[in-house]
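Examination of the molecular architecture
Letter by letter, the chains look like this.
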Amino acid sequence: MALKFFPYVVALAMLQALGGCSDENRSANVMTATPEAVTTPATTANTKLVVAFGDSLYAGYGVLPKESFPSELQRTLVARGISVTVQNAGVSGDTSSAGLRRLAFTLDGLTRKPDLFMVNLGGNDMLRGIDPKETRINLTAICTELRRRGIPIMLTGMIAAPNMGREYANSFNPIYADLAKNFEAKLYPFFLDGVVGNPQLVLPDHVHPNARGIDIIVAKVAPLVANALAPAAKVD
């Protein structure tokens, strides 16, 4: 087991022991009770629309709204000269199945078709030990619906913690790369790359990034998003 993953393993073991039904129930309540969470802000004709659709890693668990991944991503892209709105459609606790259930609600609540739809789901599936086959089915259904609507996709993936075992990892880890290939989606393989395992970059749960950790993630992801929005232009 790599030493840098040790805090990750401990945190996942603690979270698994807590169980998972309450978070998923809360996400269902958010889906029906707070449609403002997925209402697109006003945009101009030339403003790109990116939707960040995922779980707590997108929602901004444990940080201020202005420090969340979508907010920081938008700020970084605007600083690069890109007119863009990054819509936060993250719901803490969402599994891939919960995400699939609210997908149409999210899409139908937008004022126009997104220029890019970012998906970060599957981490809570792993926390609960859900069969990776089910995760793959749900994420495939999400990508299928996005492709049906003609919406470009970007996946920010997860990897199984070492304590999940080799068999689980061998089934879970390839999901994101396989979907990216099958749906011609952009891929950032591991959302927490360079952050997990560093106590200075994560919250006390050792899993969720703090504001500094989010800044590091955004610095890595932003060039990929910029290229996806303007594929003809080279973005360093």
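You'll find the structure just up there.
What counts, and at which threshold
- Residues numbered from 1 in each chain as written.
- Predicted model: local features only at pLDDT ≥ 70, side-chain atom pairs only at ≥ 80, totals over all residues.
- Heavy atoms only, no water.
- Helix = DSSP H or I, 4+ residues; strand = E, 2+ residues; numbered from the N terminus.
- Axes fitted to C-alpha atoms, helices over the stretch in contact; angles between N-to-C directions.
- Parallel < 35°, antiparallel > 145°, perpendicular 65-115°, else oblique.
- Left-handed = near helix turned anticlockwise from the far one by under 90°.
- Contact = heavy atoms within 4.5 Å.
- Nonpolar A, V, L, I, M, F, W, Y, C, P; charged D, E, K, R; others polar.
- Buried < 20%, exposed > 50% of the residue type's maximum accessible area, 1.4 Å probe, protein only.
- Pairing = 2+ DSSP bridges.

Quick word on the environment of P209
- Topologically, P209 is positioned in the loop between β5 (186-188) and α10 (211-229).
- The sequence separation of P209 and G60 amounts to 149 residues, and the corresponding C-alpha distance is 8.8 Å.

Side note on the packing of helix α7 (residues 132-148) against helix α9 (residues 175-182)
- Where α7 meets α9, the closest approach of the two axes is 11 Å, and the angle between their N-to-C directions is 25 degrees. If you check the angle between α7 and α9, you find them roughly parallel. For the pair α7 and α9, the sense of crossing is right-handed. Along the contact surface, α7 presents P132, T135, R136, L139, T140 and R147, while α9 presents I175, Y176, D178, L179 and N182.
- Class assignment of the residues belonging to the contact of α7 with α9 gives a composition of five nonpolar, three polar and three charged.

Focus on the pairing of strand β3 (residues 116-120)
- Across the five residues of β3, five count as buried, placing the element largely inside the fold.
- Because side chains alternate across β3, one face comprises the buried residues L116, M118 and N120, and the other comprises F117 and V119, equally buried.
- The pairing of strand β1 (residues 48-54) with β3 spans five bridges and is classified as parallel. Residue pairing across strands places V50 opposite L116, the latter belonging to β3.
- Bridge analysis of β3 against strand β4 (residues 153-156) gives three bridges, and the strand direction is parallel. Note that in β4 the partner of M118 across the bridge is M154.

Taken by themselves, the reported measurements are silent on function.
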